[in-house]
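# Descriptive analysis of the structure
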Amino acid sequence: ALLKASAGTDAELRPTYTRAVGDRDVLLRLQNNIRDRAQAAGRTRRALEVTGRMLLVAPDRASLWHEAGICHAGLGELEAAGTALEQFLVRCSDDDDERHRAAALLQRLRARLN
């Protein structure tokens, strides 16, 4: 549980300082930790495998599609990268800066494929 920053270290832990987290979110957080360690170690294929498992649990999470696209691109799998980035663009918000960067990357990938 998180304490409010203004409460201090002697503050009593109260239910208002915590929020329930669903099983899916716990699973995704654990998988995210595994993926982050794989990425930090330069193990892109492993990071992609973990991202794929996360997508099975949460296929509508745009950020996972973006991560999959970046991993595929890093592995030189341009068609798969394009497909993942297209899924990201369908799911992300219109005003997201990340959306614009992903669209630009998608254009570069398509140009390399042609």
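Above this text you will find the structure in question.
Residues numbered from 1 in each chain as written. Predicted model: local features only at pLDDT ≥ 70, side-chain atom pairs only at ≥ 80, totals over all residues. Heavy atoms only, no water.

## Focus on helix α5 (residues 97-113)
- Taking 1.5 Å of rise per residue, 17 residues should cover 24 Å, and α5 covers 25 Å from first to last C-alpha, within 8% of that figure.
- Tucked inside the fold, the buried residues of α5 contact α3 (62-74) and α4 (78-91). (Helix = DSSP H or I, 4+ residues; strand = E, 2+ residues; numbered from the N terminus. Expected span 1.5 Å × (residues − 1). Contact = heavy atoms within 4.5 Å.)

## So, the nonpolar core
- Among the nonpolar cores identified, the biggest contains 24 residues, and Leu-85, Phe-88 and Leu-109 are the most heavily contacted of them.
- Of all the elements in the fold, those that place two or more residues in this core are α1 (23-40), α2 (44-57), α3, α4 and α5.
- In terms of residue count, α4 provides more of this core than any other element does, six residues in total.
- Sequence-distant contacts of Leu-109, that is, excluding residues within four places in its chain, are made with Ala-73, Leu-78, Ala-81, Gly-82 and Leu-85. (Core = buried A, V, L, I, M, F, W, Y, C linked by side-chain atoms within 4.5 Å. Buried < 20%, exposed > 50% of the residue type's maximum accessible area, 1.4 Å probe, protein only.)

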